Amino acid sequence: MPTPNGQLDLASVLREVKMVRLEGLVRIRGLDLPLLRRAATSAPGAVTEAWPVEVENLLRAAVSRLGGGDLQEAAEFTLGLAPGMRDRAAADRRRRAADVYHLSVERFRKSQEDMVLGQIAEQVCWLAGTGYRGAAGVGTAMLAPHLQHRTLHMARSGRPRTVILHIHPVELVRDVDVIVSPSNTHLGLPEMYKASVAASLRRAGAVRDEAGDVIADPVHEDLADWRRTHRVRHRPALPGTIAPTGPGALAARGVRRIYHAAVAVPKPGTNDYEVTPQDVSVAVARALGLMSQERETHTPPLRSICFPLLGAGRGGLPPESSISALWTALAADHEPDRELHVIVRRPLVADLVADVLGGFRPTPGFRTGTGEQRGHSCG
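Residues numbered from 1 in each chain as written. Predicted model: local features only at pLDDT ≥ 70, side-chain atom pairs only at ≥ 80, totals over all residues. Heavy atoms only, no water.

Caption draft 1: The overall build of the protein chain, seen in detail. Of the regular secondary structure elements, the protein chain holds 13 helices and 12 strands. Counting the 379 residues in the protein chain, one finds 51% classified as buried. Long-range pairs, those at least 24 residues apart, make up 64% of the contacts in the protein chain between residues at least 6 apart in sequence. Summing over all exposed atoms, the protein chain offers an accessible surface of approximately 16,700 Å²; the carbon and sulfur share of this is 53%. (Helix = DSSP H or I, 4+ residues; strand = E, 2+ residues; numbered from the N terminus. Buried < 20%, exposed > 50% of the residue type's maximum accessible area, 1.4 Å probe, protein only. Contact = heavy atoms within 4.5 Å. Areas by Shrake-Rupley, 256 points an atom, 1.4 Å probe, with all protein chains shown as cover.)

Here you go:
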């Protein structure tokens, strides 16, 4: 319940988060969640019949603030926010979350689970108002950072160029023809339970049965076929290599190609990688070139492409360097009708993108979180 000064009580919020974990997103309407309902509204007393969706968006926003990695991935599985997990039983969701930490279900339940749920509750309280204030003033822009877009207007040889900046998980991209996925030079995809862009795309591209279990792994299989065809099964590809595959189940979201960009060079004898800005720029330029070659082989022609910050994850490249290398190649693109998209997961990184590229301004009439700009959407 709220404290006497109007702040949300963390322990009470945690109890409600645990209720959602137990019953699942599909049963939110039948739960008694007064604090989550209050925190999810944009103004006091503004609860509508859509409040279950508002509560779900609040929880998604809270989880998106966990900073990625195992914690965020486990939180997504725990609450059923991960793709294909929405209607899964609590035991299945707990098992998938335990797998993230490589723990038995019982050990996860006794240790990490309380930590994961506690972190979600902390973020809910923060979203309800900095300093754990009440819910008044929580608006759509705060509650949906995972579905936010910005428009960057950049100068290119004296002419403006527009870049759509997405701020949400990569698997929520919709109606973008090509998504570029960072890879190491061995072009091996990480396991689906990992938190990287490549793992997320493999997971989202997997084909599942009615119970949500994976029955086909087409992105992984296509990439293995490409490696065999190009004779790089047992040796690394050159940095900057682009390996195209189909999108798997992401085709249902309007994605038509995934371009795997080999930018991370493994350091022998370690678990680390080396990424250079030059290799990032080369990979981006080659991805654009391949898209131009494939453009007319698809109906309708390929028109839009989305880039993450290549090499800025486990590759260890500073985000500023990745952004600059990315823009070096994008600015040289000679197809003015190509739609350019960049995706990051966290608002702070989005701010850095805008700062490095400069000249950010919202497009008039564009509403963050709606995905209505130029027909592109997410979620």
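Caption draft 2: Summary view of the environment of glutamate 23. Note that glutamate 23 resides in helix α1 (residues 10–23). Of the residues examined, glutamate 23 reaches a relative accessible area of 30% and is grouped as partly exposed. When the C-alpha atoms of glutamate 23 and alanine 90 are compared, they prove to be 6.9 Å apart, with 67 residues separating the residues in sequence. Setting aside chain neighbours within four positions, we find glutamate 23 in contact with Leu31 and Arg93.

Caption draft 3: Structural detail: the pairing of strand β11 (residues 339–344). Summarising burial for β11: six of the six residues are buried, a large majority. Of the two faces of β11, the one holding Glu339, His341 and Ile343 and the one holding Leu340, Val342 and Val344 are both buried throughout. Sheet topology places strand β10 (residues 304–307) next to β11; four bridges connect them, and they run parallel. Bridge pairing in β11 links isoleucine 305 to leucine 340. (Pairing = 2+ DSSP bridges.)

Caption draft 4: Representation of unusual backbone geometry in the model. In this structure, proline 300 follows threonine 299 across a cis peptide bond, with omega equal to -5°. Residue placement: proline 300 occurs in the loop between α11 (277–294) and β10. Located in the positive-phi region is histidine 102, a residue other than glycine, with phi close to 55°. Relative to the assigned elements, histidine 102 resides in the loop between α5 (90–100) and α6 (105–110). Unlike most non-glycine residues, aspartate 175 shows phi in positive territory, near 60°. The residue aspartate 175 is located in the loop between β3 (173–174) and β4 (178–184) in this model.

Caption draft 5: How the structure looks around the packing of helix α12 (residues 319–331) against helix α13 (residues 347–357). Viewed as axis vectors pointing N to C, α12 and α13 meet at an angle of 55°, and their least axial separation amounts to 10 Å. It follows that α12 is oblique to α13 by the angle criterion. Crossing hand, α12 versus α13: right-handed. On α13, the residues that touch Pro319, Glu320, Ile323, Ser324 and Trp327 of α12 are Leu352, Val353, Val356 and Leu357. Residue composition of the contact of α12 with α13, by class: seven nonpolar, one polar and one charged. (Axes fitted to C-alpha atoms, helices over the stretch in contact; angles between N-to-C directions. Parallel < 35°, antiparallel > 145°, perpendicular 65-115°, else oblique. Left-handed = near helix turned anticlockwise from the far one by under 90°. Nonpolar A, V, L, I, M, F, W, Y, C, P; charged D, E, K, R; others polar.)

Caption draft 6: Structural detail: α11. Taking 1.5 Å per residue, 18 residues should reach 26 Å; α11 reaches 26 Å between its end C-alpha atoms and fits that length. Elements that come into contact with the buried residues of α11 comprise β4, β7 (242–245), β8 (257–266), β10, α12 and β11. (Expected span 1.5 Å × (residues − 1).)

Caption draft 7: Highlighting the pattern of salt bridges. Inspection of every chain in the model, using the stated rule, returns 23 salt bridges. As a salt-bridge pair, aspartate 92 and arginine 88 come within 3.6 Å of each other at their nearest N and O atoms. Put simply, arginine 202 and aspartate 217 hold a salt bridge, and the shortest N to O gap is 2.5 Å. Taken together, the residues arginine 202 in helix α9 (residues 197–205) and aspartate 217 in the loop between β6 (214–216) and α10 (218–229) connect sequence positions 15 residues apart. Looking at arginine 202, the relative accessible area reads 9%, which means it is buried. (Salt bridge = Lys/Arg side-chain N within 4 Å of Asp/Glu carboxyl O.)

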